[in-house]
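The residues making up each chain are set out below.
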Amino acid sequence: MGIKKWEPDNFELEMNTVWSFPQRGNWATHDAKYRGNWSPYIPRNLLLRYSTEGDLVLDQFAGGGTTLVEAKLLNRNIIGVDINPQALERCREKTAFEWECGGQVYIKQGDARDLNFIPDESIDFICTHPPYADIIKYSDGIEGDLSGYGVKDFLEQMKSVATECSRVLKCGKFCAILMGDTRRKGCVVSMSFDVMKIFEGVGFTLKEIIIKEQHNCKATGFWKPNSVKHNFLLLAHEYLFVFEKREKQART
């Protein structure tokens, strides 16, 4: 693959609740060609803080494969699930490198709302980045692709996603999910906090809210003059929620 660098330069674990990565990360096989994928600094921080070597991690919205690459580099085993076969092909390409003491990567086409192939309480950490409703559509009409749903229907579908997260995650372990907001008719639609409430509603305990600054958004150039003309601010942050599955939740 011609990989020139296997890890970030001068990496330090994030220590507060505001994260910003102007340089998105270009080590191993990472790139920015998959629209909307998160910076590898995010899963690297999460994996190092909330999992240990040899753990079994789940990313049920595998997308461009960023989390899968980081899990392999950090010797975590990971199940990468996506409903889109094109995304899974990219995941296979991105993780097809040799790495001594690397974790195992298992890639599976599936639906985040129904992970019936994963046993109850078998996952050590969930680290995932769903689509933000239909802001970016990742397929042309694949049934069950959550990027094809408007906000209201998307949130309804996320109830099943949260329930499955609770089912497959071990007690005492963590689930991290990155979400953003959108605008409708000039006003903010707080999808992120709606998703947070959905996860709390199935019994998760909210451990952390991290504000993640956005950089290099492709739509910024188009919206910048319109934000002045129509008097609204550009959304330049996302929310990273870290939930804990506690014993009471496991029994409900």
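Before reading on, note that the structure itself is shown above.
Rules behind the numbers
Residues numbered from 1 in each chain as written. Predicted model: local features only at pLDDT ≥ 70, side-chain atom pairs only at ≥ 80, totals over all residues. Heavy atoms only, no water. Helix = DSSP H or I, 4+ residues; strand = E, 2+ residues; numbered from the N terminus. Buried < 20%, exposed > 50% of the residue type's maximum accessible area, 1.4 Å probe, protein only. Lys, Arg positive; Asp, Glu negative; His and termini not counted. Salt bridge = Lys/Arg side-chain N within 4 Å of Asp/Glu carboxyl O. Contact = heavy atoms within 4.5 Å. Polar contact = N/O pair within 3.5 Å; in protein donor to acceptor, adjacent residues only side chain to side chain. Pairing = 2+ DSSP bridges. Axes fitted to C-alpha atoms, helices over the stretch in contact; angles between N-to-C directions. Right-handed = clockwise from strand over helix to strand, strands pointing away.

Asks: Give a description of the side chain of Asp 55 that names residues and reports values.
Replies: For Asp 55, the location among the structural elements is in the loop between α1 (41–50) and β2 (56–59). For the buried Asp 55, no salt bridge exists, and the shortest N-O distance to an oppositely charged side chain is 4.6 Å, to Lys 173. Those residues in contact with Asp 55 that lie beyond four places of it in its chain are Arg 76, Asn 77 and Asp 124.

Asks: Break down the side chain of Ser 192 for me, with residues and values.
Replies: Structurally, the position occupied by Ser 192 is in helix α5 (residues 191–201). Given a relative accessible area of 0%, Ser 192 falls into the buried group. At 2.6 Å, the side chain of Ser 192 forms a polar contact with the side chain of Asp 181. Excluding anything up to four places from it in sequence, Ser 192 contacts Met 179, Gly 180, Asp 181, Tyr 239 and Phe 241.

Asks: Run through the sheet that holds strand β4 (residues 105–109), naming residues and quoting values.
Replies: As summarised here, the arrangement of the eight strands in space is β1-β9-β10-β6-β5-β2-β3-β4, forming an open sheet in which the pairing is mixed. In the strand order of this sheet, the two ends are held by β1 (18–19) and β4, each with one partner. As judged from the four bridges shared by β2 and strand β3 (residues 77–82), these two strands associate in the parallel manner. For Leu 58, the partnering residue across the bridge sits in β3 and is Ile 79. Its contacts with the sheet place α5 against β6 (169–179), β9 (205–213) and β10 (237–244), and it is angled at close to 5° to β10.

Asks: Which residues make up the environment of Cys 91, and what are the values?
Replies: Following the sequence through the fold, Cys 91 ends up in helix α3 (residues 85–94). With 27 residues separating them in the primary sequence, Cys 91 and Gly 64 have C-alpha atoms 6.0 Å apart. Apart from the residues within four sequence positions on either side, Cys 91 is in contact with Ala 62, Gly 63, Gly 64, Gly 65, Leu 68 and Ile 107.

Asks: An account of the pairing of β6 is requested, with residue identities and associated values reported.
Replies: Taken together, the five bridges between strand β5 (residues 123–128) and β6 define a ladder with parallel strand orientation. Residue pairing for β6: Cys 127 is matched across the bridge by Ala 176. Handedness of the crossover joining β5 and β6 through helix α4 (residues 151–168): right-handed. The pairing of β6 with β10 spans six bridges and is antiparallel. Its bridge partner lying in β10, Cys 175 is registered against Phe 243.

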